[in-house]
Amino acid sequence: MSDATSPDRPPPPPAQADDKDWTWVLEQPCPECKAEVGGLSVDDVADKNREVATAFANLLRTRPDVADRPVADVWSPLEYGAHVLDVFRLFLTRLELMLAEDDPMFANWDPNETAEADRYDLMDPTQVADDLEAAAAALASRFEGLTPNQLERTGRRSDGAVFSVLSFARYEIHDPIHHLWDVTR
Ligand SMILES: [Zn+2]
């Protein structure tokens, strides 16, 4: 086993902390990835989740530099892929919470802590690719099955941001689109 895949290797340093709020993507196009999510329906969001997951998974399966960081404090495509996989899973968990409880508060999630604890850097890119497509498909199916009444249910982040299920769906899809842009720009 090479150094690059040894579990004895210490985890890489955390990526640049991303403490931006990002809820502005609901109101205006993202100047970086160009995504315009504010007018999307949940069916649009479902389709885009599947599309982005397929593109990301193909990249994870084929990029020769998949585990290389471009600079020391920016995630490799593999680490971004593992993060996006967790985003799909986290948003499905939060969606189920919004459907089951009235106006729930979401538990905090620190992506850098998770990246280090779960050793994103040591994951198998092919496995991440498979899991990414499955998790995106599960979330997409759940979005497609929502009734109009369910779209108006709400949930809150601890920083005070309030989402309806519809705005939550629009907010969600920006994340994988933006990270695909991160690894292909
Ligand atoms: Zn963006």
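Structural data are supplied above this passage.
Residues numbered from 1 in each chain as written. Predicted model: local features only at pLDDT ≥ 70, side-chain atom pairs only at ≥ 80, totals over all residues.

Caption draft 1: Seen up close, the environment of alanine 107. With respect to the helices and strands, alanine 107 occurs in the loop between helix H2 (77-100) and helix H3 (111-117). Residue alanine 107 is classed as exposed on the basis of its 11 C-beta neighbours within 10 Å. (Helix = DSSP H or I, 4+ residues; strand = E, 2+ residues; numbered from the N terminus. Buried ≥ 20, exposed ≤ 12 C-beta atoms within 10 Å, placed from the backbone.)

Caption draft 2: Broad picture of helix H6 (residues 165-184). An ideal rise of 1.5 Å per residue puts 28 Å on 20 residues; H6 measures up with 30 Å between its terminal C-alpha atoms. Among the 20 residues of H6, 14 are classified as buried, and the element is accordingly described as predominantly covered. (Expected span 1.5 Å × (residues − 1).)

Caption draft 3: Quick look at the nonpolar core. Within the largest apolar cluster, 43 residues are counted, with the highest numbers of intra-cluster contacts made by Phe56, Phe88, Leu132 and Ala169. Counting only elements with at least two residues in this core, the list comes to helix H1 (42-62), H2, helix H4 (125-144) and H6. (Core = buried A, V, L, I, M, F, W, Y, C linked by C-beta atoms within 7 Å.)

Caption draft 4: Region of interest: the packing of H2 against H6. Across the interface, H2 lies against H6 with an axial gap of 10 Å and an inter-helix angle of 175°. In terms of orientation, H2 and H6 fall into the roughly antiparallel class. Contact with H2, carried on its side by Pro77, Tyr80, His83, Val84, Val87, Phe91, Leu95 and Met98, involves Val165, Phe168, Glu172, Asp175, Pro176, His179, Asp182 and Val183 of H6 and no other residues of that element. Here the residues of the contact of H2 with H6 sort into 11 nonpolar, two polar and three charged. (Axes fitted to C-alpha atoms, helices over the stretch in contact; angles between N-to-C directions. Parallel < 35°, antiparallel > 145°, perpendicular 65-115°, else oblique. Contact = placed C-beta atoms within 7 Å. Nonpolar A, V, L, I, M, F, W, Y, C, P; charged D, E, K, R; others polar.)

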